[in-house]
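# Understanding the architecture of this molecule
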Amino acid sequence: MRLSTTTTLLAYLAFAGLVLVAPAFLDDFWLNRMAKYLVFGMLGVAISLSWGYAGILNLGQGLFFGFGAYMLAMSLKLASPTSLAQGSDTPVPDFMLWNAEPGAQTDLCCITGSSFLWQPFISQGFGIFMGLALPVTVAFLLGMVVFRKRIAGVFVSIITLALVLLVRLLVIDAQPFTNGFNGLTDLGWLTIGGFEFDPYSQATYYLVAITLLVVLAAARLLVETRAGLVLQAIRDDATRARYLGFDVPAYQIFFFAVSAGIAGLAGMLYVVVAEFASPTFMDLAFSITMVVWAAVGGRSSLLGACIGAIVINMIEAGASETEALVEAWKAVIGLIFVLVVLFMPRGLGGLAHDLIDRVSGATRKAEGRK
Amino acid sequence: MLDILFIGLSLGSILLLVALGLAITYGAMGVINMAHGELVMIGAYTAVLSGIWLDLGLFAALPLGFLSAAAIGWAIERVVVRRLYGRLLDTLLATWGIAILLQQAVRLEFGLSFFGIHIQGLGPGLQNVAVPEILQTTITIAGSSINAYRVFIVAVTLVLTLLTWAIMYRTRIGMQVRAIIRNPRMAAASGIDVARVNALTFAFGSGLAGVAGVMMSGFKTVFPDMGSSMVVDGFLVVVAGGVGSLLGSVLSAGMLGEINAVAAAVTNDILARAIVFGVVILIIIVKPAGLFSFKGR
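Residues numbered from 1 in each chain as written. Chains lettered and ligands numbered in written order. Predicted model: local features only at pLDDT ≥ 70, side-chain atom pairs only at ≥ 80, totals over all residues. Heavy atoms only, no water.

## Let's talk about the overall build of chain A
Within chain A one finds 16 helices and 2 strands. Here the C-alpha coordinates of chain A stretch approximately 90 × 50 × 40 Å along the principal axes. The burial tally for chain A puts 53% of its 370 residues in the buried class. Counted over contacts in chain A with a minimum sequence separation of 6, partners at least 24 positions apart contribute 73%. Within the structure as shown, chain A displays about 15,900 Å² of accessible surface, and the carbon and sulfur contribution to it stands at 66%. For chain A, the separation between the mean place of its 21 positive charges and that of its 23 negative charges on side chains is 21 Å. (Helix = DSSP H or I, 4+ residues; strand = E, 2+ residues; numbered from the N terminus. Buried < 20%, exposed > 50% of the residue type's maximum accessible area, 1.4 Å probe, protein only. Contact = heavy atoms within 4.5 Å. Areas by Shrake-Rupley, 256 points an atom, 1.4 Å probe, with all protein chains shown as cover. Lys, Arg positive; Asp, Glu negative; His and termini not counted. Charge placed at Lys NZ, Arg CZ, Asp CG, Glu CD.)

## So, the overall build of chain B
Within chain B, the secondary structure is distributed over 12 helices and 2 strands. Each helix (α) and strand (β) of chain B, taken in turn from the N terminus, gives the series α-α-α-α-α-β-β-α-α-α-α-α-α-α. Computed over its C-alpha atoms, the radius of gyration of chain B comes to 19 Å, within 12% of the 19 Å expected for a compact globule of 297 residues. Seen along its three principal axes, the alpha-carbon backbone of chain B occupies a region of about 55 × 55 × 35 Å. Looking at chain B as a whole, 54% of its 297 residues are labelled buried. Put simply, chain B shows about 12,500 Å² of open surface, and 67% of that area lies on carbon and sulfur atoms. Charge centroids of chain B, computed over 17 positive and 12 negative side chains, lie 17 Å from each other. (Rg over C-alpha atoms; globule rule 2.2 N^0.38 Å.)

## Side note on a nonpolar patch on the surface
Residues and elements named next belong to chain B. A cluster of nonpolar residues, Met1, Leu2, Leu5, Ile139, Ile141 and Val151, forms a patch on the protein surface that exposes about 480 Å² of accessible area. Of all the secondary-structure elements, those providing two or more residues to the nonpolar patch are helix H1 (2-29) and strand E1 (138-141). If you trace the backbone, Leu5 turns up in helix H1. (Patch = residues over 30% accessible without salt bridge, like charges linked within 9 Å, V, L, I, M, F, W, Y side chains within 5 Å. Salt bridge = Lys/Arg side-chain N within 4 Å of Asp/Glu carboxyl O.)

## Digging into the pairing of E1(B)
Residue and element names in this part refer to chain B. With 4 bridges connecting them, E1 and strand E2 (residues 144-147) associate as antiparallel partners. Its bridge partner lying in E2, Ile139 is registered against Ile146. Joining the antiparallel neighbours E1 and E2 is a turn of 2 residues, in which Ala142 adopts a positive phi near 50 degrees. (Pairing = 2+ DSSP bridges.)

## Points about the packing of helix H9 (residues 202-224) of chain A against helix H14 (residues 302-321) of chain A
All names here are of chain A. Between H9 and H14, whose axes approach to 10 Å, the crossing angle comes to 150 degrees. Judged on the interaxial angle alone, H14 and H9 are roughly antiparallel. Counted together, Leu212, Leu216, Ala219, Arg220 and Val223 of H9 and Leu302, Leu303 and Cys306 of H14 form the full contact between these two elements. Its residues placed into classes, the contact of H9 with H14 shows 7 nonpolar, no polar and 1 charged. (Axes fitted to C-alpha atoms, helices over the stretch in contact; angles between N-to-C directions. Parallel < 35°, antiparallel > 145°, perpendicular 65-115°, else oblique. Nonpolar A, V, L, I, M, F, W, Y, C, P; charged D, E, K, R; others polar.)

## Some words on H9(A)
Residue and element names in this part refer to chain A. The end-to-end C-alpha distance of H9, which contains 23 residues, comes to 33 Å, matching closely the 33 Å that a straight helix rising 1.5 Å per residue would cover. Listed as buried for H9 are Thr204, Tyr205, Val208, Ala209, Thr211, Leu212, Leu213, Val215, Leu216, Ala219 and Val223. In the core, the buried residues of H9 are packed alongside helix H1 (5-21), helix H2 (28-53), strand E2 (195-197), helix H10 (226-236), helix H12 (248-274) and H14. (Expected span 1.5 Å × (residues − 1).)

## Considering the pattern of salt bridges
Pairing is possible between side chains that carry opposite charge, provided their charged atoms lie close to one another. Under the criterion given, the structure shown has 10 salt bridges over all chains. The shortest N-O distance in the salt bridge between Arg235(A) and Asp236(A) comes to 3.2 Å.

## Regarding the environment of Leu351(A)
Residue and element names in this part refer to chain A. Of note, Leu351 is situated in helix H16 (residues 347-369). Owing to a relative accessible area of 41%, Leu351 belongs among the partly exposed residues under this scheme. Residues Leu351 and Arg299, spaced 52 residues apart in sequence, show a C-alpha to C-alpha distance of 12 Å.

## Describing the interface of chain A and chain B
In this assembly, 39 residues from chain A lie in contact with 40 residues from chain B. With both chains or domains summed, chain A and chain B bury close to 3,600 Å², and 83% of this area falls on carbon and sulfur atoms. One can count 0 salt bridges joining chain A with chain B. Taken together, the connections running from chain A to chain B amount to 4 residue pairs in polar contact (both at pLDDT 80 or more). Counting only elements with at least two residues in the side of chain A that touches chain B, the list comes to helix H7 (154-173), helix H13 (284-297) and helix H15 (329-343) of chain A. Here the side of chain A that touches chain B takes 13 residues from H7(A), the largest share from any one element. (Buried area = accessible area lost by both parts, 1.4 Å probe. Polar contact = N/O pair within 3.5 Å; in protein donor to acceptor, adjacent residues only side chain to side chain.)

## Topic: the packing of helix H3 (residues 58-79) of chain B against helix H6 (residues 148-170) of chain B
All names here are of chain B. Relative to each other, H3 and H6 sit at 30 degrees, their axes nearing to 14 Å. By the angle class used here, H3 and H6 are roughly parallel. Relative to H6, the crossing made by H3 is right-handed. Contacts from Leu58, Phe59 and Leu62 in H3 reach Tyr149, Phe152 and Val156 in H6. The residue inventory of the contact of H3 with H6, partitioned by class, reads 6 nonpolar, no polar and no charged. (Left-handed = near helix turned anticlockwise from the far one by under 90°.)

## Quick look at the packing of aromatic side chains
Residues and elements named next belong to chain A. A full pass over the atoms with the stated rule returns 25 aromatic pairs over all chains. Where Phe147 meets Phe256, the ring centres are 5.6 Å apart and the plane angle is 85 degrees; that geometry is what we call edge-to-face. Placement of Phe147 in helix H6 (residues 124-148) and of Phe256 in helix H12 is noted, with a sequence separation of 109 residues between them. For the cation-ring pair, Arg299 lies above Trp51, with the distance from its terminal atom to the ring centre recorded as 4.5 Å. (Phe/Tyr/Trp six-rings, centres within 6.5 Å; stacked < 30°, edge-to-face > 60°. Lys NZ or Arg CZ within 6 Å of the ring centre and 35° of its normal.)

## So, unusual backbone geometry
With the exception of glycine, most residues fall at negative phi, and the peptide bonds are largely trans. Residue and element names in this part refer to chain A. At Arg150, a residue that is not glycine, the phi angle is positive and equals roughly 60 degrees. Positive phi is not limited to glycine here, since Asn179 has a value of about 65 degrees. Along the polypeptide, Asn179 turns up in the loop between helix H8 (175-178) and strand E1 (190-192).

## So, the environment of Leu49(A)
Residue and element names in this part refer to chain A. By the element assignment, Leu49 lies in helix H2. Sequence-wise, Leu49 and Ala305 are 256 residues apart; in three dimensions their C-alpha atoms are separated by 9.5 Å. Excluding residues within four positions of it along the chain, Leu49 makes contact with Ala54, Val223, Phe255, Val258, Ser259, Ile262 and Leu302.

## With respect to the side chain of Ser259(A)
Residues and elements named next belong to chain A. Mapped onto the secondary structure, Ser259 falls in helix H12. For Ser259, a relative accessible area of 1% corresponds to the buried category. Setting aside its immediate chain neighbours within four residues, Ser259 contacts Ala46, Leu49, Ser50 and Gln61.

Structure (structure tokens):
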């Protein structure tokens, strides 16, 4: 059943190689697009970590993605030319002017009731820090409540689902603070040490690609550690793990928070590449779609879930541009979901495992006969 | 104040009809049907289409909505769900795929690009259904005016809930359903045709959703995505009320409907929904088994 370490290592190396040489064959438009798909691949890793390894099906992963996205987007919004050109001491987002009381002072401190909270985001470093800190903190606090109370299975899914919808509505309702339904658009570029990341450049692609590879490798190493093994034992039988003396909630909280952090990171990178943040990131549909990517790729395989996300998005892009399918592609995706769940419960990753097992099993048999 | 409470009651009624189907299928079969909202949408479109094609009013659309949603629910159970019993989360994902399929089918972009079919009333546009004149009046009770259509909604829900209760507790098939809820294997061993009962239960739950859709078509616009938020609300009602408890679903639907209506009157519609989500999260955290779960065992 378990793949040999060499095969796994080869698979990871092949994937890394593909991702790194891809820009040689892509124009600017496709480069930007591929970078988005790699971000989704990172979400696949996050889902696989919490669902496949920890057994926690988070139907609200979009919450952490959205947190990451909004935190960095606030910084980038303040860096946009329109925000800078308001003639005040601090840059002011354009939508705050539209929502301001007549005669309000044009400054972040007090243009609308809660606009002073934007002030620290003038520093992009703060935006990046919050993009990681907020999802991890929220996941930690949520985990403290949920897992310490031994809430499990589908009830965790319902809580996360309700939570992401709750936050989405609050973001929409807080129009003067978040620009409501429209989200944050017209963003500036991410600038690190004087270098500007143009979303359509190779630099941005490599920023995303290398982050993804690092995250993938780190997650892989993490699940190989003792803590990762204990986690899988908890997934398979929480009660037994508890009787063996493991602090079950502690492991669950830790991995839940790590998964949230990865999603937050993905959210930030998405904002860098796509140049907007919107409440649609916290739609139910998006959160469930992520889960389906991971299911198609194979939830119990980090690499499988990552590739699943990338491949489905490429199919979607291909199908939505094919003449015959131009209006039916969404239905095609729906059909793929149903068929995969029915006939490939372990996803493409599981299929690959079986294939390699069969091949290596056959060679072993042949060697045995000699 | 009375009028606000009555709006809450009618909201709760629609919620209850949606939740009853979810409660039965989740409680009895361990299936989370994410396509349940699309069955509401199918009910609503039945009202639209029966108006355009057959010149039928809302009253006649009620049984038609039940039948069409039940038929599609039955097909979903036969083709997909029956292969997934015992795999709770897989049912969630597969039915999500079905939900996308149904939405696209109704949009008929499917048909437009493949077969050149155009069906009057379907498609991405918005549709409205006229409410019969008898129901357009208002009734005045204790100084508050109450919309007759909302009274109608509450009445239909009351009848259907009583009917569901009677079927579950007063008929042979209801007894079989309850046996399956308690222990499917034991039920099968006692000679109950579990596959048949499951299919019928699923169809019945779907039919209730269809009726909810017909009634919604009277006060909301009908469009292909209308079901998505319904299934979430319905599911929250089921979980907050306590899985496997019909009474729990009834009470929590009423409670969440009232919270929604009162909060919407005090603040706005968006915040009201947010408050409902918040309340449900708190309920699950404080009482994971739901407010009215049956005790023992």
